[in-house]
Amino acid sequence: MKPDFDRRQLMTLIFVSSLAPAVRLIPKFNTQTAGSASWVAPIVALPFLVLYVWFLSAFLAERRSGESFGEMIMRTNGRAFGSVVLGGTAAFLIFYCGFILRSGAERFICTIYPAGNAWPFVIVMLALGLIAALGPRRALLRSARIFSPILVVVLVLVLLFALTNIDFNLILPLSKGEPDKLGLAAIPMFEIYAGIFVYSAFFERPRQLARRRAKAYSLWLVPVCLLFALLCAAAIGNYGSEMISRFNYPFFAMIQNITVFKTIERIEAPVVALWVLPDFIIFAMMLIVASHCLRLVFGYVPDTGDTVMHDMSNGRWLIPTSAALMLVVAALLDMDSDNLNFYSHLVVPAANLAISCVLIPTSYVIGKLRTKG
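Residues numbered from 1 in each chain as written. Predicted model: local features only at pLDDT ≥ 70, side-chain atom pairs only at ≥ 80, totals over all residues. Heavy atoms only, no water.

Visitor: Help me understand the overall build of the chain in this model?
Guide: Each helix and strand counted, the chain has 15 helices and zero strands in total. Considering only residue pairs separated by 6 or more positions, the chain has 84% of its internal contacts joining residues 24 or more positions apart. Surface summary for the chain: the accessible area is close to 15300 Å², and the carbon and sulfur share equals 66%. (Helix = DSSP H or I, 4+ residues; strand = E, 2+ residues; numbered from the N terminus. Contact = heavy atoms within 4.5 Å. Areas by Shrake-Rupley, 256 points an atom, 1.4 Å probe, with all protein chains shown as cover.)

Visitor: Where do I start with the packing of helix α5 (residues 118–134) against helix α14 (residues 318–332) in this structure?
Guide: If you want to describe how two helices pack, look at the angle between their axes and the distance between the axes. Where α5 contacts α14, the axes come no closer than 10 Å and their chain directions differ by 160°. For the element pair α5 / α14, the angle class is roughly antiparallel. Relative to α14, α5 is oriented so that their crossing is right-handed. Packed against α5, whose contacting residues are W119, V122, I123, L126, L130, A133 and L134, the element α14 presents I319, P320, A323, L327, A330 and A331 at the interface. (Axes fitted to C-alpha atoms, helices over the stretch in contact; angles between N-to-C directions. Parallel < 35°, antiparallel > 145°, perpendicular 65-115°, else oblique. Left-handed = near helix turned anticlockwise from the far one by under 90°.)

Visitor: Whenever I open this one, the packing of aromatic side chains confuses me. Can you help?
Guide: Both the distance between ring centres and the angle between the ring planes are used here to describe each pair of aromatic rings. For the coordinates displayed, the defined rule picks out 21 aromatic pairs. For the ring pair F197 and W220, a centre distance of 6.4 Å and an interplane angle of 65° mean the geometry is edge-to-face. Pair noted here: F197 is in helix α8 (residues 187–200) and W220 is in helix α9 (residues 213–239), with a separation of 23 residues, a long-range link. Aromatic rings pair up to connect Y52, F55, F59, F69, F190, F202 and Y364 into one cluster. Positioned above the aromatic ring of F203 is the side chain of R137, whose terminal nitrogen or guanidinium carbon lies 5.2 Å from the ring centre. (Phe/Tyr/Trp six-rings, centres within 6.5 Å; stacked < 30°, edge-to-face > 60°. Lys NZ or Arg CZ within 6 Å of the ring centre and 35° of its normal.)

Visitor: Hey, could you run me through the nonpolar core in this one?
Guide: As a rule of thumb, nonpolar side chains are buried together in soluble globular proteins. Ranked by size, the top nonpolar core spans 132 residues in total, and within it F69, Y193, F203, W220, F251, W275 and I360 carry the most contacts. Per element, the largest residue contribution to this core is 18 residues, and it comes from helix α4 (residues 69–111). Excluding residues that lie within four positions of it along the chain, F203 makes contacts with F5, L10, L13, R137, L140, L141, M285, I288 and V289. (Core = buried A, V, L, I, M, F, W, Y, C linked by side-chain atoms within 4.5 Å. Buried < 20%, exposed > 50% of the residue type's maximum accessible area, 1.4 Å probe, protein only.)

Shown next, in the form of structure tokens:
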């Protein structure tokens, strides 16, 4: 079976979808934990992410022809525990998507429209994500491929202009920070990418994508971790770790201080508006994976090819149902400043790590034991 997309498109999907949680957690959590040395944390996370990639690649190697990650889990774990793994994953993703809707709206309001209302953003993002989830999966990957160069150019330009104003006394020497806490500061980078690696694996139905998978993703992670290390260094070098730890969105706060060629100021508005693209990609991706898991739990065989958008057969009714539950979660969440930090820095990362580092490895072990048995 010829795949509808290649590994490069999957990597692009992972990168673009990571930008939404990354600007929320990095470097705020890093600096609160490790101070001025926290810009090294993404590099510290690199070997742990490489190990996780090799583990996940070994897990995916158990797939049979035509199976996705979800079908393999259900087959190797049995219907009972397989339903626990997939149902737990779906439950978290429904909550996470509700959180994404509200946190994306709050970011837009806090940085551009302080007097605005969150609900127009929530409704529009929900509608766009539902349309994407009801369509073919390759359309989402191609959208990410289109958005990626734009976002990378913006990131590189922001870095170039931010680094011209950097104060190296704020980031060096590392002994002035808290290097003993760098392991803890590396958790956000690991948590974000380990989770997205797991959820993107549900797109990897064709066996061709399994060839040399671990090596390809490991090499790809090197420039990604370096990029986030530079972004952290630029933010800390412009404001200092103490001030960065107080900002809700340090990345966008850093942009407010950038002047392009001493003529163009206040570029944060178009950059913040552009960050709606990663919100859309990660929301649509999580909605697809959540509904895929639920369809398997309810005994359906999910399709991944072209299907008419209004066709609700074969469990496709679970896609709009999942979207409706996400809207309910968004409506119930209280997103004042304290609660936003509580959900963003504790609830979501802890649940995401529980999925990627507890539930998925347990599923792998049980599958191995059942196979041997």
